[in-house]
Amino acid sequence: MQRRDFIKTIGAGSLAFGACVAKAQTAQTAEHTWKMVTTWPTNFPGLGTGANKLAELIGEMSGGRIKVKVYGENELVPAFEVFDAVAQGTAEMGHCAAYYWKGKSEAAQFFSTVPFGMTAREMSGWLYHGGGLKLWTELYAPFGLVPAPAGNTGVQMGGWFNKEIKSVADLSGLKMRIPGLGGEVLKRAGGTPVNLPGSEIFTALQSGAIDATEWVGPYNDLAFGLYKAAKYYYYPGFHEPGTALEAIVNMAAFEALSTDLQSIVLNACKVMNQDMLAEYTARNPVALQTLLEKHAVDLRPYPEDVIAKLRQIAEEVVSEIAQKDEFSHKVFASYKKFLQQSQQWSGISELAYLQARDLG
Ligand code: CA
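Quick caveat, the model's predicted, so the values are computed rather than measured. (Residues numbered from 1 in each chain as written. Predicted model: local features only at pLDDT ≥ 70, side-chain atom pairs only at ≥ 80, totals over all residues. Heavy atoms only, no water.)

Draft legend 1. Representation of the packing of aromatic side chains within the structure. Per the stated rule, a full pass over the model turns up 23 aromatic pairs. The ring of tyrosine 71 has lysine 69 lying over it, and the distance from NZ or CZ to the ring centre is 5.1 Å. Residue placement shows lysine 270 over the ring face of tyrosine 128; its charged tip is 4.7 Å from the ring centre. (Phe/Tyr/Trp six-rings, centres within 6.5 Å; stacked < 30°, edge-to-face > 60°. Lys NZ or Arg CZ within 6 Å of the ring centre and 35° of its normal.)

Draft legend 2. Layout of the pattern of salt bridges. Applying the stated criterion across every chain, the model contains 12 salt bridges. Here glutamate 214 makes a salt bridge to arginine 177, at a shortest N to O gap of 2.4 Å. Of this pair, glutamate 214 sits in the loop between strand E8 (212-213) and helix H8 (218-224) while arginine 177 sits in strand E6 (residues 175-177), and the two are 37 residues apart along the sequence. For the residue pair glutamate 214 and arginine 177, the accessibility class agrees, reading buried in each case. The salt bridge involving arginine 188 is made with glutamate 320; its shortest N-O contact spans 2.7 Å. Taken as a pair, arginine 188 in helix H6 (residues 180-188) and glutamate 320 in helix H11 (residues 304-321) lie far apart in primary sequence, 132 residues in all. The network of salt bridges with shared partners includes Glu31, Arg65 and Asp260. (Salt bridge = Lys/Arg side-chain N within 4 Å of Asp/Glu carboxyl O. Helix = DSSP H or I, 4+ residues; strand = E, 2+ residues; numbered from the N terminus. Buried < 20%, exposed > 50% of the residue type's maximum accessible area, 1.4 Å probe, protein only.)

Draft legend 3. Spotlight on the sheet that holds strand E4 (residues 145-152). The strand order across the open sheet built from 5 strands is E2-E1-E3-E10-E4, with neighbouring strands paired in mixed fashion. Every other strand in the sheet has two partners, leaving strand E2 (66-71) and E4 as the edge strands with one partner each. Neighbour-to-neighbour, the strand axes of this sheet turn through a mean angle of 25°, independent of strand direction. As paired elements, E4 and strand E10 (residues 244-250) share 6 bridges and run antiparallel to each other. Residue pairing in the sheet places leucine 145 in a bridge with asparagine 250 of E10. Of the strands in this sheet, strand E1 (32-38), E2, strand E3 (93-96), E4 and E10 are in contact with helix H10 (residues 259-294), which crosses E4 at around 25°. (Pairing = 2+ DSSP bridges. Axes fitted to C-alpha atoms, helices over the stretch in contact; angles between N-to-C directions. Contact = heavy atoms within 4.5 Å.)

Draft legend 4. Representation of the side chain of asparagine 152 in the model. With respect to the helices and strands, the residue asparagine 152 is situated in strand E4. In contact with asparagine 152, other than residues within four places in its own chain, are Ala120, Met123, Gly242, Thr243, Ala244, Leu245, Asn273, Met276, Leu277 and Tyr280.

Draft legend 5. Focus on helix H4 (residues 120-129). Every buried residue of H4 is accounted for by Ala120, Glu122, Met123, Gly125, Trp126 and Leu127. In the core, the buried residues of H4 are packed alongside helix H5 (132-140), E4, E10, H10 and helix H12 (326-359). One or two residues past the end of H4 sits glycine 131, with phi positive at roughly 90°.

Draft legend 6. Local environment of the sheet that holds strand E11 (residues 298-301). Spatial strand order, E7-E6-E8-E5-E9-E11: 6 strands in an open sheet with mixed pairing. What marks the edges here is a single partner per strand, and that holds for strand E7 (192-194) and E11.

If you want it as structure tokens, here you go:
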């Protein structure tokens, strides 16, 4: 009896061991091995780590059937070549921001952020339930790309300056790193917008190659040490009120996936879209305290008349984009309609509540 039990135990053990080996083999044998190129420095807090998390999620959710290796900025291609690299199939996937691709289509900018436009909450509403993602998918299809929202920074900061901004005239002649439509607004206000990838900002600011910069918000700005190169930290980031990050997938690679794997990729992006905003919501307040208390940063609001003028310019800039081509007009019309509809509700919900809370 004892011997038989012993043999039975050994047998069960071998079976369990065999199952483990089989599982490990499944996990190691990916059906699809992908590269993900990004516009962010490797492992950069929030953005780069968000891309890493997205790759991990796709691996986990697919049980190892898709394996994604992440490449930071310049590891495989420079930041601003990510779109082309994924379109051409050099990489199967990218993590970036759509306003970097305004050279491909002006309309792309609506899918990242618009000065005085939607907040993160409103962007998600428009993209997932207001027709935004459908238009985005239509815009990228001719490039052979499938887009998906895959992160949001929330409201950004106005930026870092070495002089006080007391009036719009103080923006005149200012060379500032500011991408997308925000850059166009600065240009009309008399400044010179420059677009630099994140990794080049600190050196450019410190050397005086640029006079001012915006990046993201306290969490990311602290990580780059921007407080060491500029004195004043202005808010709010009127130019980026809820910047959506994007995942782009090479269409041929996407179509080569079975439908369950396609769903896994898109839903992993959806998880990251929420998770990144949660991370910024948790980290920004702590980083702001560090900037103010440890690094004695001079925090200032933009004067009201400066904001009023910039808002007026932004309206012109954004509506002019609608005149560029038929598709841009379609995207502008959809964006504007959603924002107008959302305005009243946001006013009597988030805004009214935050004001009520602050009164206490
Ligand atoms: Ca920014």
